[in-house]
Amino acid sequence: MSKMPNIRLTSVEDLFKTDEERQTDKLEKVQIVPADQVHPYPREPYQVDRATADLVQLMDSIQRVGIAEPMIVRPRTEGGYEIIAGHRRDYCARKLGLPDRPVIVREYDDATADVLISDYNITREDLLPSERARAYALWMDGMRRTAGRPSKNSLQNEENFRNGSSENSLQIEENFRNGSSENSLQIEENLMGKLSVELLAEQVQENVSTVQRYIRLTHLIPALLDRVDEKKLGFIPAADYLHKLTEKEQVMLEMVMAQEQVSPSVDQAQQLKRLSEAGELTEAVLRQIMAKKAKEKKVVLKETSLGEYFPQDYTPKQMEDVILHLLKDWKARQE
């Protein structure tokens, strides 16, 4: 006797649902999970615990009303979940001792997760150069492995959720999840004639050379990268030249900078790079280069261009004194 086909009948409850109720069934659900099931993303590029004004505000908000915006997580192979969006919310909640987390669970592969986690915080104004460098590097690596990045629609859904849009707040990112064929075709079209770094530059609204410079910072040893963050080492010397030094040479440079309280100029960084490539950069040579006074920068202002701002009887020295006084006031305001 042949088996009866396995036919699934529509339930009475489903028969009488409205179209709106059926659409709601397809939307993502916010789940409440224990805090110990939520884990940081292993390649998180941002410093979650760095004390900033907005982190303090977030802590105050969570203390008053809890986590108002659910975190985005993905399942972990080892059990529990990894955070894709919401590391700082989780950090604040842990400091406050909150026992559970509101989350939305989504399935992302590693490459997709790398792109998204880099994207979610890249517009923060208080990012350190090291954070931006790690985020750009991780983002581009994810793009290369997926041949692109998430579609604008998928990120718009997330933005709608962040802003509390009732219409699209829980819309599933269908065209990005599980390697949507539509998104894959779009990605292939985007990559035709474009490098990953060009696509990334468009997404973050930076020029290509700036993105490349940030990514090159990831080749610095941690101590030198910290100096870039602290503005004790120039961005251009570090990104254009010093990243080419070997790890041993970078350690030597850090030691000399700490001992002599110096920082290489662009010219000095160029010399260090050339000697490194020639295999001639010893500690003695490095110290000799760093001991040289950097070339003094000169700014020439023509008297004709300054005439309209000063009385006719002012001497060049009086003009210089006024300009320096104004510059000191300007510098004080910047600090």
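Quick caveat, the model's predicted, so the values are computed rather than measured.

## Observations concerning a nonpolar patch on the surface
Where nonpolar side chains cluster on the molecular surface, the patch consists of Leu324, Leu327 and Trp330 and spans about 310 Å² of accessible area. Inspection of the secondary structure puts Leu324 in helix 17 (residues 316-334). Among the residues examined, Leu324 registers a relative accessible area of 42% and is labelled partly exposed.

## Some remarks on unusual backbone geometry
One non-glycine residue, Gln205, lies in the positive phi region at around 60°. Here the phi dihedral of Gln261 falls at roughly 55°; this positive angle occurs in a residue that is not glycine. One can find Gln261 in the loop between helix 13 (247-260) and helix 14 (266-277).

## Here we look at the environment of Tyr120
Looking at the element boundaries, Tyr120 is found in the loop between helix 5 (110-119) and helix 6 (129-146). Along the primary structure Tyr120 and Ala85 are separated by 35 residues, whereas in three dimensions their C-alpha atoms are 6.7 Å apart.

## Quick notes on the pattern of salt bridges
The final tally for this structure, using the stated rule, is 20 salt bridges. With its nearest N and O atoms 3.1 Å apart, the salt bridge here joins Asp240 to Arg216. Taken together, the residues span a long stretch of sequence, with Asp240 in helix 12 (residues 235-240) and Arg216 in helix 10 (residues 208-216) at a distance of 24 residues. Given the relative accessible area of 16%, Asp240 is considered buried. If you follow the salt bridges from partner to partner, you end up with Arg43, Asp114, Asp141 and Arg145 in one network.

## A word on the packing of aromatic side chains
Summed over all chains, the structure comprises three aromatic pairs. Geometrically, the ring pair formed by Tyr136 and Tyr214 is edge-to-face, given 5.7 Å between the ring centres and 90° between the ring planes. Pair noted here: Tyr136 is in helix 6 and Tyr214 is in helix 10, with a separation of 78 residues, a long-range link. Measuring from centroid to centroid gives 4.9 Å for Tyr214 and Phe235, while their planes differ by 50°, and the two rings are tilted. Of the two residues, Tyr214 sits in helix 10 while Phe235 sits in helix 12, which places them 21 residues apart along the sequence. Residue classification places Tyr214 among the buried positions, given a relative accessible area of 15%. For Phe235, a relative accessible area of 25% corresponds to the partly exposed category. Linked through ring pairs, Tyr136, Tyr214 and Phe235 together constitute an aromatic cluster. One Lys or Arg, Arg132, reaches over the ring of Tyr214 and ends 6.0 Å from the middle of that ring.

Quick notes on the rules
- Residues numbered from 1 in each chain as written.
- Predicted model: local features only at pLDDT ≥ 70, side-chain atom pairs only at ≥ 80, totals over all residues.
- Heavy atoms only, no water.
- Patch = residues over 30% accessible without salt bridge, like charges linked within 9 Å, V, L, I, M, F, W, Y side chains within 5 Å.
- Areas by Shrake-Rupley, 256 points an atom, 1.4 Å probe, with all protein chains shown as cover.
- Salt bridge = Lys/Arg side-chain N within 4 Å of Asp/Glu carboxyl O.
- Helix = DSSP H or I, 4+ residues; strand = E, 2+ residues; numbered from the N terminus.
- Buried < 20%, exposed > 50% of the residue type's maximum accessible area, 1.4 Å probe, protein only.
- Phe/Tyr/Trp six-rings, centres within 6.5 Å; stacked < 30°, edge-to-face > 60°.
- Lys NZ or Arg CZ within 6 Å of the ring centre and 35° of its normal.

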